[in-house]
Amino acid sequence: MPLTTQATPTTYWLEHAWLGTHAEPGVTVDTADGRITAVRTGTDTPPPGSTTLRGLTLPGLANAHSHAFHRALRGIVQVGTGTFWTWREVMYSVADRLTPDTYYALARAAYAEMALAGITSVGEFHYLHHAPGGTRYDDPNAMGEALITAAADAGIRITLLDTAYLSAGFGAPPDHHQLRFCDGTAERWAERADALKERAHARIGAAIHSVRAVPAGQLGTVADWARERQAPLHVHLSEQTAENDACREAHGCTPTRLLADHGVLGSRTTAVHATHLTTEDIELLGDSRTGVCMCPTTERDLADGIGPAARLQGRGSPLSLGSDSHAVIDLLEEARAMELDERLRTRTRGHWTAAALLRAASADGHAALGWGDAGALEAGALADLTTIALDSVRTAGPPPRLAAEAAVFAASAADVRHTIVGGRQIVRDGVHTLVPDVPTALAESIAAVRG
């Protein structure tokens, strides 16, 4: 049964609730029509008829950057050595074998894994549009529709970030792998994206794959499309030094400056990775309030480097988190990795509090995806909740007042006990209610595309 608005009002009793600044014991949350209608503290015992959530309940987590089909790469790309560019060739080989049906099955399984990890909304950076060779399906958005349906059937929200991908590099036509990503021009991309429709669980945004994949003269077309619709706009930015070098050679400036000069930056825009930035780049992003999505587990898996997250946030860029290539799907790991990576680089501790890291993993991630009414346990917010066990081998011991610290710095996705989306319980006691056997769904859908 796919994600729908809850049929009847439901009351949840939270053993401990994260209220943005502290863990509060004994909190009752009333929900109706998919939203929180009341939050009551000081309820020491569960009210009659309520559903008990034992552990620490947080606002639902937001995975702000996903490539669902990369889930099929887990394990196989960890063999041997190489670089981002050799990894990319393996990624292309999986992309070449996907169809709308196999993409649906793989994405449904990956999104179900996300629900088990406490993720209630995902930003899908979607560029796999057409059949191999670039032939359009009868429905030009068949692949995007497969992702939207997969999210519904896995019980989570999705922002489909439909991605413009037009060239292999500065001035280079798409190669044979990239033909199925390509609409030819930004105008044709916009015509196809116009046909995508939002629904209760799905919002439509835009993405620029990168400055190397969208010619400079067409960046504004994508930015204008998003601006006219007040939709989120995401872009891979400076993930590799090679991209920076090529951009300087082609345009005499950094990728960030190129985006700024073509009207791409702004408060509805999120730059993904932003790993190799100059001081001016950080100023351009922060001063324009452009968000930045950090993906630490992918950035370390691909040996990309450590982005200047603390400097970006200090300048004014909101931070969100994503699992990107899905080397692991664990937003708690992404949150602590951002802090721990910064410690490694600076050899000092405590750049973000647990509260700040939880905000990046929830409220700021939802905002980056256009779900600004999610990410808080308060009346009027979307009734999206995640409960972390406080009695596992990883989390047992700390006092309840330090539950947030235990969750961020010790818990993992395996400690997610319950996930609620729109007031409906999607994960109950660690079991997905819509996809009961997620490991089998993953194994079978991955086997179908590995060839």
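Residues numbered from 1 in each chain as written. Predicted model: local features only at pLDDT ≥ 70, side-chain atom pairs only at ≥ 80, totals over all residues. Heavy atoms only, no water.

## Comments concerning helix H4 (residues 186–194)
Short version of the rule: Residue exposure (1.4 Å probe, protein chains only): buried if accessible area is under 20% of the type maximum, exposed if over 50%, otherwise partly exposed. In DSSP terms, a helix is any run of H or I states spanning at least four residues, a strand is any run of E spanning at least two, and both are numbered starting from the N terminus. Read the arc as the range of directions from the helix axis to the C-beta atoms. Whether two residues touch is decided by their heavy atoms; if any such pair falls within 4.5 Å, the residues are in contact.
Turning to H4, its buried residues are Ala186, Trp189, Ala190, Arg192 and Ala193. Looking straight down H4, one finds that the buried residues subtend no more than 165° of arc, so they occupy a single side. Buried-residue contacts for H4 involve strand S7 (157–164), strand S8 (202–208) and helix H5 (216–229).

## Topic: the pairing of strand S9 (residues 233–237)
A regular strand places its side chains so that they alternate between the two faces of the sheet. How we decide: When the strands point away from the viewer and the path from the first strand over the helix to the second turns clockwise, the crossover is right-handed. At least two DSSP bridges between two strands are needed for those strands to be called paired.
Most of S9 sits out of view: five of its five residues are buried. Of the two faces of S9, the one carrying Leu233, Val235 and Leu237 and the one carrying His234 and His236 are both buried. In this view, the connection linking S8 to its parallel neighbour S9 by way of H5 has right-handed handedness. Direction of pairing for S9 relative to strand S10 (residues 269–273): parallel, over a ladder of five bridges. Bridge pairing in S10 places Leu233 opposite Thr269.

## Points about the sheet that holds S8
Operational definition: Axis definition: a line fitted to C-alpha atoms, over the contacting stretch in the case of helices. Angles run 0 to 180 degrees between N-to-C directions.
Spatially, eight strands are ordered S5-S6-S7-S8-S9-S10-S11-S12 in an open sheet, and the strand pairing comes out parallel. The open sheet has two edge strands with one neighbour each: strand S5 (61–66) and strand S12 (319–321). Here the strands of the sheet are splayed against their neighbours by 25° on average, with no regard to which way each runs. Its contacts with the sheet place helix H12 (residues 354–361) against S5 and S12, and it is angled at close to 70° to S12.

## Observations concerning the environment of Ala207
With respect to the secondary-structure elements, Ala207 resides in strand S8. For the pair Ala207 and Leu160, spaced 47 residues apart in the sequence, the C-alpha separation amounts to 9.3 Å.

## Concerning the environment of Val449
Summarising the element assignment, Val449 is placed in helix H15 (residues 438–450). For Val449, a relative accessible area of 0% puts it in the buried group. For the pair Val449 and Thr102, spaced 347 residues apart in sequence, the C-alpha to C-alpha distance is 7.1 Å. Each residue touching Val449, except ones within four places of it in the same chain, is listed here: Ala72, Val94, Arg97, Leu98, Thr102 and Leu106.

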